[in-house]
Amino acid sequence: MFDAISEIIGQGVKEMNIILPLNSEAVFGTYYDFLAERGKLVNLTAITEPEKVARLHFLDSIALLGAISLKNERVIDVGSGAGFPGLVLKIMRPDIDLTLLDATGKKVTFLSELCELLKIETNCVNARAEEVSHMDTWRETFDAAVSRAVAELRVLCELCLPFVKVGGVMVAMKSVNSDDEIDSAKNAMATLGAELERVYDYEIPGADITHRAVLVRKISETPVEYPRRYARMQNFPL
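K.L.:
Whenever I open this one, unusual backbone geometry confuses me. Can you help?
P.N.:
Trans is the common state for peptide bonds, and a negative phi is the common state for residues other than glycine. Of note, the amide linkage connecting F84 to P85 takes the cis form, showing an omega dihedral of 5°. Residue placement: P85 occurs in the loop between β1 (74-78) and α4 (86-92). Residues Y226 and P227 are joined by a peptide bond in cis, for which omega reads 5°. Along the chain, the position of P227 falls in the loop between β7 (209-218) and α10 (230-235). For D208, which is not a glycine, the phi torsion comes out positive at approximately 55°. One can find D208 in the loop between β6 (194-204) and β7. According to the relative accessible area criterion, D208 is exposed, its value standing at 70%.

The following block contains the structure:
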């Protein structure tokens, strides 16, 4: 299993012109084994085959580094689930100061145990984004917020942007068919003190699949009334 994961990731990063840190193949192998063993119990992912995990989880997350460096930055992964993309980015960029945030306790327990196993220092937090982002210790203190498959972009902006400091960036992982979703979120971006910087489309090596990273730049402080309660975000998106 380790050899298959190692080979796929090693070849994939070469195709993406991204440098793989020393000994990280072993880290990804251990990550996969733990996910395969525990993932079913926590309902983390429907994808369990080694090749698919390597491409559709690991390489998909790594590909973000083609759009943004994140070197030495303070990063929060909102709705971390099984650690994609945040924990994968930490493996690739050990200098990241990473917080993994999820509202489901079982998922945060999984992440905490996984980080301990991998000997990776992270801050694993069980909390709701729309609540903790109103706290001074969290609000507008991160260089970047990343998120994958959590919510529609208008809602995701309201969940993530309050964490991001002025000048920082939110990176949302979306499909290449998200043009309408991006257009409809521009009002939310402006309301929350941000603007669309660019869209980065990338092909996952060996998967014949193209995904998209939407980069939203924070240009001013988010008004204090945001984020609202989650139900209100969903029912009355910005």
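K.L.:
I would appreciate a short explanation of the side chain of D60 in the present structure.
P.N.:
Looking at the secondary structure, you find D60 in helix α3 (residues 50-62). Only 2.6 Å separates the side chain of D60 from the side chain of Y202, close enough to count as a polar contact. Leaving out residues up to four positions away in the same chain, D60 has contacts with R55, R148, M173, Y202, I204 and H211.

K.L.:
What am I meant to see in the state of the cysteines here?
P.N.:
Disulfide: a covalent bond connecting the sulfur atoms of a pair of cysteines. This structure, assessed with the given rule, holds zero disulfides. The closest cysteine sulfur to the non-disulfide-bonded C124 is located on C115, 4.1 Å from its own sulfur. Free of any disulfide, C157 has its nearest neighbouring cysteine sulfur in C160, separated by 7.7 Å. A residue is classified by how much of its surface remains accessible, and C157, at 0% relative accessible area, is buried.

K.L.:
Teacher, can you tell me more about the sheet that holds strand β4 (residues 142-148) here?
P.N.:
For sheets, the rule is that strands pair by backbone hydrogen bonds, running either parallel or antiparallel. Taken together, the seven strands give an open sheet; going across it, the order is β3-β2-β1-β4-β5-β7-β6, and neighbouring strands pair in mixed fashion. Looking at strand neighbours, the two that pair on one side only are β3 (123-126) and β6, the edges of this open sheet. Strand-to-strand, the axes of this sheet are offset by a mean angle of 20°, without reference to chain direction. Against the sheet, α3 contacts β4, β5 (164-175), β6 and β7, and its axis sits at roughly 135° relative to β6.

K.L.:
I'm lost on the side chain of R228 in this one. Help?
P.N.:
Its location among the elements puts R228 in the loop between β7 and α10. Separated by 2.9 Å, the side chain of R228 and the backbone oxygen of F236 make a polar contact. The residues contacting R228, other than those within four sequence positions of it, are E130, E158, M233, F236, P237 and L238.

K.L.:
How should I be thinking about the packing of aromatic side chains in this particular structure?
P.N.:
Centre-to-centre distance and the angle between the planes together describe a pair of aromatic rings. Evaluated as defined, the whole model comprises nine aromatic pairs. Look at W138 and F142: their rings are 6.2 Å apart centre to centre, the planes differ by 45°, and that puts the pair in the tilted class. Members of the aromatic cluster, connected to one another through ring pairs, are F28, Y31, F58 and F84. Sitting over the face of the ring of F142, R74 holds its NZ or CZ atom 4.1 Å from the ring centroid.

Rules used throughout
- Residues numbered from 1 in each chain as written.
- Predicted model: local features only at pLDDT ≥ 70, side-chain atom pairs only at ≥ 80, totals over all residues.
- Heavy atoms only, no water.
- Helix = DSSP H or I, 4+ residues; strand = E, 2+ residues; numbered from the N terminus.
- Buried < 20%, exposed > 50% of the residue type's maximum accessible area, 1.4 Å probe, protein only.
- Polar contact = N/O pair within 3.5 Å; in protein donor to acceptor, adjacent residues only side chain to side chain.
- Contact = heavy atoms within 4.5 Å.
- Disulfide = S-S within 2.5 Å.
- Pairing = 2+ DSSP bridges.
- Axes fitted to C-alpha atoms, helices over the stretch in contact; angles between N-to-C directions.
- Phe/Tyr/Trp six-rings, centres within 6.5 Å; stacked < 30°, edge-to-face > 60°.
- Lys NZ or Arg CZ within 6 Å of the ring centre and 35° of its normal.

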